[in-house]
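Coordinate analysis (summary)
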Amino acid sequence: MITHLDLPSHALAPSRSLLRLSALGCVLAALAGCSGGTTDDQPSPDGMGGSENPVTGASSASSTSSTTGTSGSTGASSSVGSGGSGTTGTGGSTSASGSGGDPGDGGGGAGGSPPTCELPTTFKWKAGPPVISPKPPAGRSWASVKDPTIVFFDNKYHVFATVFDTTSGNGGWQSMYSNFTDIPQANAAEQHYMASWPTGSTVAPQVFYFQPHKKWYLIYQWNGRYSTNDDINNMNGWSRPQGLLRGEPNGALDFWNICDDKNCHLFFSRDDGKLYRSKVSIDKFPNYDGYETVMSAPSASLLFEASNVYKVDGSNKYLLMVEAYDNSPRFFRSWTSESLDGPWAPLADTKQNPFAGPANVTYEGQDWSDDISHGELIRSGHDEKMTINPCDLRFLYQGRDPKVGGDYGKLPYRLGMLTLQK
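Let me begin by describing the structure that accompanies this report.

Criteria and thresholds
- Residues numbered from 1 in each chain as written.
- Predicted model: local features only at pLDDT ≥ 70, side-chain atom pairs only at ≥ 80, totals over all residues.
- Heavy atoms only, no water.
- Salt bridge = Lys/Arg side-chain N within 4 Å of Asp/Glu carboxyl O.
- Helix = DSSP H or I, 4+ residues; strand = E, 2+ residues; numbered from the N terminus.
- Buried < 20%, exposed > 50% of the residue type's maximum accessible area, 1.4 Å probe, protein only.
- Pairing = 2+ DSSP bridges.
- Axes fitted to C-alpha atoms, helices over the stretch in contact; angles between N-to-C directions.
- Polar contact = N/O pair within 3.5 Å; in protein donor to acceptor, adjacent residues only side chain to side chain.
- Core = buried A, V, L, I, M, F, W, Y, C linked by side-chain atoms within 4.5 Å.
- Contact = heavy atoms within 4.5 Å.
- Disulfide = S-S within 2.5 Å.
- Phe/Tyr/Trp six-rings, centres within 6.5 Å; stacked < 30°, edge-to-face > 60°.

**Some details on the pattern of salt bridges**
Two side chains bearing opposite charge may form a pair once their charged atoms approach each other closely. Under the criterion given, the structure shown has 14 salt bridges. Its salt-bridge partner being Asp230, residue Lys215 comes within 2.8 Å of it at the nearest N-O pair. With Lys215 in strand β8 (residues 215-221) and Asp230 in the loop between β9 (225-229) and β10 (242-243), this pair connects stretches of sequence that are 15 residues apart. Judged by its relative accessible area of 28%, Lys215 is partly exposed. One salt bridge in this structure joins Arg333 and Asp349, with 3.4 Å as the shortest N-O distance.

Encoded structure:
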């Protein structure tokens, strides 16, 4: 986030014990011509930063839920329709060469019974020390790492993030890529400098696999841009940047894409106390055109940046998160809806009761950050549905030592991991 300014109805599958009884009945009544007509299949679940120049003069307002969810069109937005939830199956197999393989039509989590957890209405998180700190290649110097996007695919996590490169002059915003098999290995993993990639710098990125195109997409700024890749493991396979949003307004940042069964939705901010969205039919993705206002707040600080939107596995709910500050360190407010078109109802949306913030994060060991800033939840799948498992909520976020001040770009942001306490 870098700026230049409840459950659905499922047919119940018969239990194994009932099936065994049915089979026994068939044996005992063979002369009657009994035949078993049921199966043991279970339904599958759905498939998974802060400003770089924050508005310092934004007026402070009460952190009670005063954000409105009324959409007011501000551009040539496409008409609003009902969003579908859609389910996805399991991902495809990895190729024998180990190059990543086709994620498959499901693009999502493993098979089995749907999650049994509901999305909480209040949240308590625990945090440890930073899991990713700047680790530049030889000859470079990075002051921070921030704005992460994370996806699990091919038995490893893939992270793209913003870095502030201070190698020469006053420094500038660049980006890095890293992969590792488990979170404890994240800090030791090599961080690849992306400036020389076909993408160039990918600031405040989002990564996902778009099933209809059978391609990986990386969305980033500035302006809104995207690159594609057939194989996320191929660091040189990304295409050159292409424009994302026709009619993009000045100051747009922190772009976030999510699709339902019919449409794709592009959320973004402008540091003006409003959340915006563009919408396009799934067959026309990623040719976004025009935009509308999703919601507004009385202060820019209460609806700031870094929007995240997810489909909650095992339910018809979507979760929306937006970063805020209120004369305070940064925190996330949240809302839910049964459609990506809204309306959005407050969930945990105040400084005292946030989705995630100083009020509900407990550190194991040193409290190394006050900010709970731009990040991403660990997804249950890797495709455009952006699904999360409410039984396993973890949030990769950016934080920093509050005692260190100075130039914003040089603030020592690191990436930490929040785990929901149960």
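Back to the write-up after that little detour.
**Some words on the sheet that holds strand β2 (residues 125-127)**
Read from one edge to the other, the open sheet built from five strands follows the order β21-β2-β25-β24-β22, with strand pairing classed as mixed. The sheet is open, and its two edges are formed by β21 (361-363) and β22 (373-377), each paired on a single side. Averaged over all neighbouring strand pairs, the angle between strand axes comes to 30 degrees, with direction disregarded. As judged from the three bridges shared by β2 and strand β25 (residues 414-420), these two strands associate in the antiparallel manner.

**Some thoughts on the environment of Asp261**
Note that Asp261 resides in the loop between β12 (253-259) and β13 (263-269). Residue class for Asp261 comes out partly exposed when judged on its relative accessible area of 42%. In sequence terms Asp261 and Lys385 are 124 residues apart; their C-alpha atoms lie 8.5 Å from each other. A distance of 3.1 Å separates polar atoms of two side chains, one belonging to Asp261 and the other to Lys385.

**Notes on the sheet that holds strand β7 (residues 203-210)**
Note: strands within a sheet are paired through backbone hydrogen bonds, in either parallel or antiparallel orientation. Strand order in this open sheet of four strands is β7-β8-β9-β10, and the pairing throughout is antiparallel. What marks the edges here is a single partner per strand, and that holds for β7 and β10. Note that β7 and β8 share six bridges and pair antiparallel. When the bridges of β8 are listed, Phe210 appears paired with Lys215.

**Focus: the nonpolar core**
Soluble, globular proteins show a tendency: their nonpolar side chains are buried together. Counting 61 residues, the largest nonpolar core has Trp125 and Trp344 as its most contacted members. The biggest single contributor to this core is strand β18 (residues 318-324), with five residues. Val131, Ile183, Ala186 and Tyr193 belong to the second-largest nonpolar core, a separate cluster that totals 19 residues.

**Focus on the pairing of strand β24 (residues 394-399)**
With six of six residues buried, β24 is to be regarded as a mostly interior element. Of the two faces of β24, the one carrying Arg394, Leu396 and Gln398 and the one carrying Phe395, Tyr397 and Gly399 are both buried. Bridging between β22 and β24 involves four bridges; their strand directions are antiparallel. Bridge pairing in β24 links Glu376 to Leu396.

**Let's talk about the environment of Pro134**
Mapped onto the elements of the fold, Pro134 is located in the loop between β2 and β3 (142-153). Residues Pro134 and Arg414, 280 residues apart in the sequence, show an inter-C-alpha distance of 7.3 Å. If we ignore the near neighbours within four places in the chain, the residues touching Pro134 are Trp142, Ala143, Ser144, Val145, Gln191, Tyr413 and Arg414.

**Focus: the state of the cysteines**
Using the criterion set out here, one finds two disulfides in the structure. Covalently, Cys117 is tied to Cys391 through a disulfide, its sulfur atoms 2.2 Å apart. Measuring the twist about the S-S bond at about 115 degrees, one finds the Cys117-Cys391 disulfide to be right-handed. Of this pair, Cys117 sits in the loop between β1 (72-73) and β2 while Cys391 sits in the loop between β23 (387-388) and β24, placing them 274 residues apart in sequence. A sulfur-sulfur separation of 2.2 Å characterises the disulfide bridge that pairs Cys259 with Cys264. Between Cys259 and Cys264, the S-S dihedral sits near 100 degrees, and the bridge is therefore right-handed. Grouping residues by exposure puts Cys259 and Cys264 together as buried. Numbered in order of appearance, the disulfide-bonded cysteines of the protein chain are paired 1-4, 2-3.

**Section: the packing of aromatic side chains**
In this structure the tally under the stated criterion is 29 aromatic pairs. Seen in terms of ring centroids, Trp142 and Tyr193 are 5.8 Å apart; in terms of plane orientation they differ by 40 degrees. Their pairing is tilted. Taken together, the residues Trp142 in strand β3 and Tyr193 in strand β6 (residues 192-193) connect sequence positions 51 residues apart. In this structure Trp142 comes out as buried when scored by relative accessible area, which is 7%. On the accessibility criterion, Tyr193 (17% relative accessible area) is buried. Aromatic pair Tyr276 and Tyr291: ring centres 5.8 Å apart, planes at 80 degrees, arrangement edge-to-face.

Bear in mind that shape data such as this cannot, by itself, settle questions of function.
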